[in-house]
Structures are given as C-alpha cells and as structure tokens.
Amino acid sequence: MIVAEQKPIEEIIEMLKDFDRILVAGCNECVTVCEAGGKKEVGILASALRMYFGNQGKKVRIDEVTLERQCDHEYLEEIRSNIDQYDAVLSLACGVGVQFMAEKYFSTPVLPGVNTCFMGVTEERGVWSERCQGCGQCILGMTAGICPISRCAKRLLNGPCGGATKGKSEINKDLDCAWQLIVDRLKEMGKLDTYETLMPIKDWSTERAGGPRKIIREDVRL
Amino acid sequence: MSEKTPSRLEKILRAGHLAVTSECGPPRGSDPEKITRKAEMIRDYVDAINITDNQTSVTRLCSLAACIHLKGMGLEPVLQMVTRDRNRIALQSDILGAASHDIHNILCLSGDHQLFGDCARGQNVFDLDSMQLIQTVRRMRDEGKFLGGDDIDRPPRMFVGAAANPFADPFEIRVPRLAKKIAAGAEFIQTQCIYNLDKFELWLKQARDRGLHEKVHILAGVTPFKSAGMAKYMKNRVPGMDVPDEVVKRMSGVPKEKQAQEGIDICVETILRLKEVEGISGFHVMAIEWEEKVPEIVERAGLYPRPDPG
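Residues numbered from 1 in each chain as written. Chains lettered and ligands numbered in written order. Predicted model: local features only at pLDDT ≥ 70, side-chain atom pairs only at ≥ 80, totals over all residues.

Residue and element names in this part refer to chain A. Ordered by their spatial adjacency, 4 strands build an open sheet running β3-β2-β4-β5, and the pairing between neighbours is parallel. The open sheet has two edge strands, β3 (61-67) and β5 (110-112), and neither has a second partner. When the angles between neighbouring strand axes are averaged without regard to direction, this sheet yields 25°. Taken strand by strand, helix α3 (residues 39-55) contacts β2 (21-27) and β3, and its axis lies near 175° from that of β3. The sheet contacts of helix α5 (residues 95-104) involve β2, β4 (88-91) and β5, and relative to β5 the element is tilted by about 170°. (Pairing = 2+ DSSP bridges. Helix = DSSP H or I, 4+ residues; strand = E, 2+ residues; numbered from the N terminus. Axes fitted to C-alpha atoms, helices over the stretch in contact; angles between N-to-C directions. Contact = placed C-beta atoms within 7 Å.)

As a further point, take the nonpolar core. Where a protein is soluble and globular, its nonpolar side chains tend to be buried together. B:Ile49 and B:Cys108 are the most contacted members of the largest nonpolar core, which totals 107 residues. With 6 residues, the top contributor of residues to this core is helix α7 (residues 178-188) of chain A. If we skip the residues at most four places from it in the chain, B:Cys108 touches B:Met81, B:Ser130, B:Leu133, B:Ile134, B:Val137, B:Val160, B:Gly161 and B:Ala162. By size, the runner-up hydrophobic cluster in this structure holds 32 residues, among which are A:Leu16, A:Ala25, A:Cys34 and A:Val42. (Core = buried A, V, L, I, M, F, W, Y, C linked by C-beta atoms within 7 Å. Buried ≥ 20, exposed ≤ 12 C-beta atoms within 10 Å, placed from the backbone.)

All names here are of chain A. In terms of residue burial, β2 counts as a mostly covered element, since 6 of its 7 residues are buried. Strand direction decides the pairing type here: β2 and β4, joined by 4 bridges, are parallel. Counterpart to Val24 in the pairing with β4 is Leu90.

Right, let's talk about the interface of chain A and chain B for a bit. Opposite the 23 residues of chain A that make contact, chain B presents 24 residues. Of the residues belonging to the side of chain A that touches chain B, the class tally is 12 nonpolar, 6 polar and 5 charged. (Nonpolar A, V, L, I, M, F, W, Y, C, P; charged D, E, K, R; others polar.)

Don't take any of this as a statement about function, it's just geometry.
What follows is the structure, given as structure tokens:
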C-alpha cells in the first residue's frame, strides 16, 4: 500500500485559515489501512478543526466525506454535485488522490492533509515500513525476494557495504541491513553462491530518472 | 602479469615489493597548502598517496583537484572516487579529467551515507555501486569505451583499486565479496583499518584458500590511535570497525601523555606481524590528521627506504 502520515495540525490550520467552507475528504484505500486518512481520521481531524476555529471565534463550516478511492474518476465524481459549496478541499488521500482531485475540480483549492511517504507494509499495528520504490524493473528474483533498492540506504546492487554492523545498516541501528537479509535468505535456500554473480549496471530509465511514467494498455482500453 | 598502466604503485607491486600507500584528507577550504604540506611530510616514505573523496560525507576540497596538486609536486596520487555524489556521466567525466592530468590510480568506493556529514538533508546518487564503478573504469581503460558504447579518444590508463572491509557483517560474505570485486576488475585492494588481527588473518586465509591473493594485491590498512579516547570512539561509533577490547585496554593502560606513542607502537607491531603473512602485498597507512607520524611508522616497520621502480 501507499503509506502516509497526517501533517501536523498546525500546518493544516495554517493552510485552511483563510477559508470559510471546507470539505475534509478521506480515502477508503491505503490511507485507511495506515490510519492516516480514512473515515476515522477524517472525523477526528474535522472535529479538531471545528474546535480550533470555534475557539478562535471564526465561523467555519467543515464537512466530511470519505470516498472509496481518490485515484479513480468514478469515486471522485461523487462530489461533483456539491463541490461548489466549498472554498477548499482538505484531502487526506495520498499525493496521487490530492492531485487527481485537483485535476478534476480545477477551480477549487485542494490541499494535502497528509505527507505521502512510501510503498510499504504493516509490520504490526502502528508500524509501517518501506518495501518498494517502483523502479519499473523488478530484480527481486535475483535478490532473494528482498529489495536492495528500497531497503538499502545506498541502493547497492552488489552489497553489503563496509558499514554493516551486527546485521544493521550503518545509518541506523534499528534498520536491518538489506544485504544481511538477502544473505540470510540465500543461505536458507542453499543459494549463497549466487551472491557472487555481478549485478549489472541498472537501467534507471524506467525509474523516476526517466521522467514521469505512464502505462498504456491497448488490450484493456475501452 | 605485465603492467597495464604507467602507475608507479602497479610497478612496485608487480615487482614483488611490499608497497606502502598513505592517505591525505583534503581541507575544508580552498588553501592548497593544506594538502601539499601533508604530502610533503610523507613524500619519501610512501609509493602513492590516496586523496579521500568527501570522506564521512563532510564537504571538502575535491579529490581530483587535490590529486592534481600532488601530481604537480611529482607525487603519485590515488584518486578516491565515491558513487554517492555523481551519476555515470559525472563519474566518467571526472575519470577522463583525472586521466588528462595523468593520474594513474583510482580507488572505487560507494562512499559513506550522506547522513553522517554536513549535508544530511541532501540527495544521494548511487547510480552505480562500487563494483560497477570498477567495471566502468576497466571498460574505459581496456576497451576504450564509454558506458554508452562510444569510443574514447585517449582512454584513461588507471590502476584500479577497491576497498575491502573484512570486519563488516555478514562475515561469511566478506571473502565472496572480495572475489566479486576481483571479478569486476579490481587490481589492488586497500582494507579497512585492522585492529583485530586474528579475524583479519582468518579472512586472508579464506581468501588464500580460493587463490584470491594471486589475483589481486592486498594492502593491509592500518591507522595509529592518537589516544585511548580515539580507540573507544572507533570501537563504538565508527560503522564496520572492529577494535577488540584488549586493544582499547592496552591504550587505556598507559598514561595519557604516552598514549600516542602506544598507538604508534601498536600500528608498527601490526605491520611487522602482517609482513610475514602470505597474501599481503603492502600496507595502507592511514594516519588521520597525523601525517607527520607516517615516516616513523614506515621506518620502524622496516619499509624504508622505498624502492625505485625505475
């Protein structure tokens, strides 16, 4: 999933302070699972904002909505009939949802209520960590199912570097060294000898480096 | 094996001499004297001088410019190059720049993460890793080709080195990793500072068992402690460093004013022990901001005078 975390309330207030009619829009997908921008968080944030502006003596209308997804036309269309009632939308979706909403409702300010962080997993309730950076050319088949691009701080394809200590990364004692994990798993699978295969220089053109990416599938287009 | 480059370091190693290299860190400013003064202190005691490339990710005068200053003094620089800060365009470009000044040695590194330095909020590059940089230099030199496939006019003639840390984890991958660097094209290796000699000798034995010492010249890295505090710091704070308790104890066991001498003694003893070990081709003496001690270390270790490779 895409993992996000809510922006500090002070930052949100600063963005919203000049608006009188605000729609707080959650998303029922990733940000719900990572407890940053689902229906529950929309309710809590909207209440906090009402309380804050109320205490300031400012009359502000704050409504709530949580869409099934903010990255699909059909769900974003659900608010078309009443979007004009608002001076601004605070979207708690990931950066993808915020942008798609802004594209669709061209004259309405759409503001981000979360910081979108990474593609990752729920390690346990309240703990999320990164697993993928969408490089566009998956190498997990060669790295024992553990991604050195997203999980090694130096993205080393032929690691581990000389800074790895006791299985942890040189940048953080709490961060597993990705290459330690790879080596452990290669060993477990009886394939440690494959470590010595040199990983070729990577083609980064399918990654961010190659510019904004787009996939067009003629076979599934309508 | 015949020489592939005009490198003095390569000549000495191929002639079977124990080589001695040292390193100088460039200054945090633009005063060239800071680098030439350090180099002057050690010039007759080493065969080549590494110039670090923004080590520990602290911004400094660039390695290439410092190497050019050394070259101007008639010394033999080893250009350290990390992949942290440059993409493949900049790496190849700087290699050509160095080659245009007839810099004949390069040490290929990935580099410390920028979080350790003065630009912790900066981007990193890591377009290539250290092994791929080794491959890149070898391709540029041996095939005369850019990574993109085009021909290079006057290809670089560099003796290609890499680092090895026998003490980092996981240990069982450390000799395979050396083999991998050799397969990538490394011709000499400079190791991490050695304090745990037993572990180092075990690593070297495993390398010998695979015949790796015959495929690459291994220069053992040594760094004298200036104080017990430095020993403790290196033990506890420097990633990938293995300083055994007894070494810290030995440093702490002498009065403060004698600790520096004790650090030099340990360093000399390390070299004397490792000189006798099969598979060691030389020593890389990293006297960090203590270059004036290099002559004493080299002399006491019986490595002076340096050979003239002709």
